[in-house]
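Coordinate inspection notes
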Protein chains: 2
Amino acid sequence: MELIVQKFGGTSLSDAQSRGYVLRHIIREFKLGKRVVVVVSAMGRSGEPYATDSLLELVRSNGNALPGRERDMLLSCGELISATVLCSLLHAEGISAVALTGGQAGILTDDHYGSARILEIQCERMLRHLAEHQVVIVTGFQGMTRSGEITTLGRGGSDTSATALGAALKAGVVDIYTDVDGILTADPRWVSNARPLKTVSYEEISNMAHNGAKVIHPRAVEVAMKAGIPVRVRSTFSEGEGTLVTHAELLKSQGVWYDKTVTGLAHVRDVTQLAVTQVEGPADLQLRIFRAMASHAISVDFINVMPTGVHYTVSGHDASKAVALLRELGFEPRVRERCAKVSVIGGGMNGEPGVMAVIVEALTNSGIPILQSADSNTTIWVLISEEGLATALQALHTAFGLHLAPDRGH
Amino acid sequence: MELIVQKFGGTSLSDAQSRGYVLRHIIREFKLGKRVVVVVSAMGRSGEPYATDSLLELVRSNGNALPGRERDMLLSCGELISATVLCSLLHAEGISAVALTGGQAGILTDDHYGSARILEIQCERMLRHLAEHQVVIVTGFQGMTRSGEITTLGRGGSDTSATALGAALKAGVVDIYTDVDGILTADPRWVSNARPLKTVSYEEISNMAHNGAKVIHPRAVEVAMKAGIPVRVRSTFSEGEGTLVTHAELLKSQGVWYDKTVTGLAHVRDVTQLAVTQVEGPADLQLRIFRAMASHAISVDFINVMPTGVHYTVSGHDASKAVALLRELGFEPRVRERCAKVSVIGGGMNGEPGVMAVIVEALTNSGIPILQSADSNTTIWVLISEEGLATALQALHTAFGLHLAPDRGH
């Protein structure tokens, strides 16, 4: 009997109408005879009382003086409430369901409170409930240490709970329900004719997630990829099949690999570019700069080391600290604020020399200077001024034909 | 080093100002060098998002179709949130504290979800934290089964958690903090000159609690009484010492037993009196009536069996069902709605023949007919019409001199 894991986020559980859609998806799969494991996030949007943010707000006024262990206990309530509310809805529909905490579901983690890693999932109890034709509802985002302490997996942790459960239970598929119709070719708030993709590879979605697309948490993708469990990203609010995420090789072998070189675009805003250029300087210039950044937990990106100096970017909210650190080291950086990093992603671009040319042509024709660029075998990144972002995304989307049907798989 | 258990209810934890008072009580005892265990209820008043009622409201619209196990999981969040918020406040004051769920605190219960009984308390973990000079905060109202399921102890369960922890940890005292200055001679909303008592016996407070006074849960009193742990009922919002609850014998031996025969008054409203009187009738009249009530879970009180029939009372919300059952049995009861049961309580009234005379005189002089009466060695109950309740309570309070200082112990 096929086993399916379904994950529903906070927005999908925020009100009675949304929960009605959630029920429909669960009951549909259950009535198909599948064994159904449902993973839930804390319900509600930011600001509503049982959302994770609101629970944190309860202790924020105390100077955040809460130890990590107790912080995780507090946060765990969000998913516990969701799970029991969903359980009551299923029972009201005559479907037997059981709600399990992460610990009761057998999700054992280390004790890094706030960002715990799953060590092992002991499936016996879930399998027993499934054998009794119960829907198993598991609180996402959380687990338990071997000594019985409640832990949380960090933001995006419910996605990771879902794919990790899928891997442990050898699920046929993990469905990640969200409020969009799958993974889009670009952010629809910026590109009006962005379209949902039928299929995407683990590598591609991972690149999208790492580069600013809010689709699914990168750790969750890694877990699914490692176990080879297919993931579907789909909408709670429709019956559409969403986007299937699986191995590129599998997509190719099944003939659903469309020969587009570029799959989609992602972007990150509010990036600050720092340039330290001095012809005369200490030999360990780079080393001293990056050590200083690392020791203050400032993430650096777009690193470009040249004989005459160093270019790199930091997130806007780290910029003033980074500049201060550089000045302490005796450097006077050139600072360019409000940049955007655009990622052009495609598993098929590997070894395709024309891709960069298309990017340069599209941006140049739109009058947008490229401030910096970088590339891997599946992604090309360009740094531009944020004021050109909408134009750039639209120009690239059109240049790569991302707005055109059919996309992969059709 | 003395060990103290302090219990704070929902109202005491409902806002920042109240929580400030709570902190003061904890820190005062901690700085005296005591080992402090704090038991918390769900915070906030009815209607606020993290109160027990509000959590239940989340599933009420689903026809209450939630199994008891999951209902207890849901409700446990209320205390979990309180405990972690209080933990953060203590840390902000520089005091190390740890929040423990009922299960983590070692409170093992049976699996009667919603009204679980404590089987055992394993104190090792609490003692370890106390030895490390940590304040131990325990979620009230809940425990864990031996197989790791979350259970709740039923309403008033936080009081029971507190006295049970006091008994297991051999506490010097259990302080039950509330929003009044201890146990009063009568409900101050009905008797304007009701006064707080310095001391009261377990038996007396148990009688008060069983007869409508909202002071402390009867089960909590039983647990404290059995273990001989003194309990103080006191106000969160003052430094007053409240009312000391202990064995009557102890109070007497310490010379703090004041020779008042009556300690206080309690009352229950919305009582319906049913009278079945028929001279000719089956011999097992009483049996058939009380079997019918019991099989429909209708609590009966003030039972008065006579050769010619039966009088008894039921709670107002059970009245119409009780009447229907009586009619099914072929009886036509006389129904008197909106009665009140007044309890005159005092450990010193045993064998004092004058007490009933004072009651009759006080009520007769106030023009209030006694509809029925009953008595035990520590309590006399009278049933009156609810419209006379305020007058009756005030008249009895005055007749027994309950408004006069000094009361017991001073």
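In this text the structure is predicted, and so the values were computed from the model without any measurement.

**Description of the overall build of chain A**
- Counting secondary structure elements, chain A contains twelve helices and 18 strands.
- Taken against the 2.2 N^0.38 rule, which gives 22 Å for 410 residues, the C-alpha radius of gyration of chain A at 23 Å falls within 12% of a compact globule.
- Seen along its three principal axes, the alpha-carbon backbone of chain A occupies a region of about 75 × 55 × 35 Å.
- The buried share of chain A, reckoned over its 410 residues, is 56%.
- A separation of at least 24 residues holds for 74% of the contacts in chain A among residues at least 6 apart in sequence.
- When the accessible area of chain A is evaluated, it comes to approximately 16700 Å², of which 51% is carbon and sulfur surface.

**Considerations on the sheet that holds strand β17 (residues 372-375) of chain B**
All names here are of chain B.
- One open sheet holds the six strands; their spatial order is β14-β15-β13-β16-β18-β17, and the pairing between them is antiparallel. For this open sheet the edge positions go to β14 (300-306) and β17, each flanked by a neighbour on one side alone. Each strand axis lies, on average, 25 degrees off the axis of its neighbour in the sheet, ignoring direction.
- Where strand β13 (residues 264-277) meets strand β15 (residues 309-315), seven bridges bridge the pair, whose relative direction is antiparallel. Its bridge partner lying in β15, V271 is registered against S315.
- Relative to β15, helix α9 (residues 285-295) is tilted by about 15 degrees, and along the sheet it contacts β13, β14 and β15.

**A few points about helix α10 (residues 319-328) of chain B**
All names here are of chain B.
- Those residues of α10 lying buried are A319, A322, V323, L325 and L326. For α10, the arc enclosing every buried residue in end-on projection is 160 degrees, short of the 170-degree limit, so these residues lie on one face. Relative to its buried face, α10 has exposed residues pointing more than 90 degrees away, namely S320 and E328.
- The inward-facing, buried residues of α10 abut β13, α9, β15 and β16 (334-345).
- Of the residues one or two after α10, G330 is the one with positive phi, at around 95 degrees.

**Considerations on the relation of the copies chain B and chain A**
- If you rotate chain B by 180 degrees and push it 0.1 Å along the axis, it lands on chain A with an RMSD of 0.1 Å. The superposition of one copy onto the other is thereby described by a two-fold rotation axis. Among all residues of chain B, the one whose C-alpha sits closest to the rotation axis is B:C77, at a distance of 2.8 Å.
- The share of interface residues of chain B whose copies in chain A are also at the interface is 100%, consistent with both copies meeting through the same surface.

**Considering the pairing of strand β1 (residues 3-8) of chain A**
All names here are of chain A.
- In terms of burial, β1 is largely enclosed, as six of its six residues are buried.
- What you see with β1 is no split at all: L3, V5 and K7 on one side and I4, Q6 and F8 on the other are buried throughout.
- Read from β1 through helix α1 (residues 16-31) to strand β2 (residues 35-40), the crossover connection turns out right-handed.

**What about the pattern of salt bridges?**
- Within the structure shown, the criterion is met by 30 salt bridges over all chains.
- Taking the shortest distance from any N to any O, the salt bridge between A:E149 and A:R69 comes out at 2.5 Å. Here A:R69 lies in helix α3 (residues 68-92) and A:E149 lies in the loop between β7 (142-144) and β8 (150-152), a separation of 80 residues in the sequence. One exposure class covers both A:E149 and A:R69, and it is buried.
- Put simply, B:R327 and B:E332 hold a salt bridge, and the shortest N to O gap is 3.1 Å.
- Since its relative accessible area comes to 47%, B:R327 is described here as partly exposed.
- The exposure class assigned to B:E332 is exposed, which follows from its relative accessible area of 54%.
- One continuous salt-bridge network, built from bridges that share partners, spans A:R28, A:E29, A:K34 and A:E239.

**Quick look at the packing of helix α6 (residues 202-210) of chain B against helix α7 (residues 218-227) of chain B**
All names here are of chain B.
- α7 packs onto α6 with a crossing angle of 165 degrees between their chain directions and a minimal axis gap of 9 Å. Comparing their axes, α7 and α6 come out roughly antiparallel. Crossing of α6 against α7: the hand is left-handed. Counted together, Y202, E203, I205, S206, A209 and H210 of α6 and P218, V221, E222, A224 and M225 of α7 form the full contact between these two elements.
- Residue classes in the contact of α6 with α7 are distributed as seven nonpolar, two polar and two charged.

**What to know about helix α5 (residues 157-168) of chain A**
Residue and element names in this part refer to chain A.
- The terminal C-alpha atoms of α5, which comprises twelve residues, lie 16 Å apart, in line with the 16 Å expected from a rise of 1.5 Å per residue.
- Summarising burial for α5: ten of the twelve residues are buried, a large majority.
- Looking one or two residues past α5, K170 carries a phi angle of roughly 55 degrees, positive in sign.

**Observations regarding the interface of chain B and chain A**
- On the chain A side, the residues contacting the 36 residues of chain B number 36 residues.
- Roughly 2800 Å² is buried in total at the junction of chain B and chain A, and carbon and sulfur atoms are behind 66% of that figure.
- The tally of links between chain B and chain A comes to two salt bridges.
- A salt bridge links A:R125 to B:E149; its shortest N-O distance comes to 2.6 Å.

**Digging into the domain arrangement of chain A**
- When cut into domains, chain A gives domain 1 (3-179) and domain 2 (264-399).
- Just the C-alpha atoms count here: the centres of domain 1 of chain A and domain 2 of chain A sit 37 Å apart.

**Observations concerning unusual backbone geometry**
- At A:H133, a residue that is not glycine, the phi angle is positive and equals roughly 60 degrees.
- Relative to the helices and strands, A:H133 is located in the loop between α4 (124-131) and β6 (135-139).
- Here the phi dihedral of B:D270 falls at roughly 55 degrees; this positive angle occurs in a residue that is not glycine.
- Tracing the backbone shows B:D270 in strand β13.

**A look at the packing of helix α2 (residues 52-60) of chain A against α3(A)**
Residue and element names in this part refer to chain A.
- It is at 9 Å that the axes of α2 and α3 come closest, and there the two elements cross at 145 degrees. Every pair of crossing elements has a handedness; the one defined by α2 and α3 is right-handed. Of the residues in α3, those touching α2 at T52, L55, L56, L58 and V59 are R71, L74, L75, C77, G78 and E79.
- Residue composition of the contact of α2 with α3, by class: seven nonpolar, two polar and two charged.

**Digging into the sheet that holds strand β13 (residues 264-277) of chain A**
Residue and element names in this part refer to chain A.
- With antiparallel pairing, six strands are arranged side by side in an open sheet as β14-β15-β13-β16-β18-β17. The open sheet has two free edges, formed respectively by β14 (300-306) and β17 (372-375), since each of these has just one partner strand. Each strand of the sheet is rotated relative to its neighbour by a mean of 25 degrees, with strand direction disregarded.
- Of the strand pairs in this sheet, β13 and strand β16 (residues 334-345) are connected by nine bridges, and their pairing is antiparallel. Across the sheet, A266 pairs through a bridge with S343, a residue of β16.
- Strands in contact with helix α6 (residues 202-210) are β13, β16 and β18 (379-385); relative to β16, the strand with the most contacts, it is inclined by about 160 degrees.
- Together, β13, β14 and β15 (309-315) form the strand contacts of helix α9 (residues 285-295), whose direction differs from that of β15 by roughly 15 degrees.

The rules behind these values
- Residues numbered from 1 in each chain as written.
- Chains lettered and ligands numbered in written order.
- Predicted model: local features only at pLDDT ≥ 70, side-chain atom pairs only at ≥ 80, totals over all residues.
- Heavy atoms only, no water.
- Helix = DSSP H or I, 4+ residues; strand = E, 2+ residues; numbered from the N terminus.
- Rg over C-alpha atoms; globule rule 2.2 N^0.38 Å.
- Buried < 20%, exposed > 50% of the residue type's maximum accessible area, 1.4 Å probe, protein only.
- Contact = heavy atoms within 4.5 Å.
- Areas by Shrake-Rupley, 256 points an atom, 1.4 Å probe, with all protein chains shown as cover.
- Pairing = 2+ DSSP bridges.
- Axes fitted to C-alpha atoms, helices over the stretch in contact; angles between N-to-C directions.
- Arc of directions from axis to C-beta.
- Least-squares fit on C-alpha atoms with pLDDT ≥ 70 in both.
- Right-handed = clockwise from strand over helix to strand, strands pointing away.
- Salt bridge = Lys/Arg side-chain N within 4 Å of Asp/Glu carboxyl O.
- Parallel < 35°, antiparallel > 145°, perpendicular 65-115°, else oblique.
- Left-handed = near helix turned anticlockwise from the far one by under 90°.
- Nonpolar A, V, L, I, M, F, W, Y, C, P; charged D, E, K, R; others polar.
- Expected span 1.5 Å × (residues − 1).
- Buried area = accessible area lost by both parts, 1.4 Å probe.
- Domains from an automatic or database assignment.

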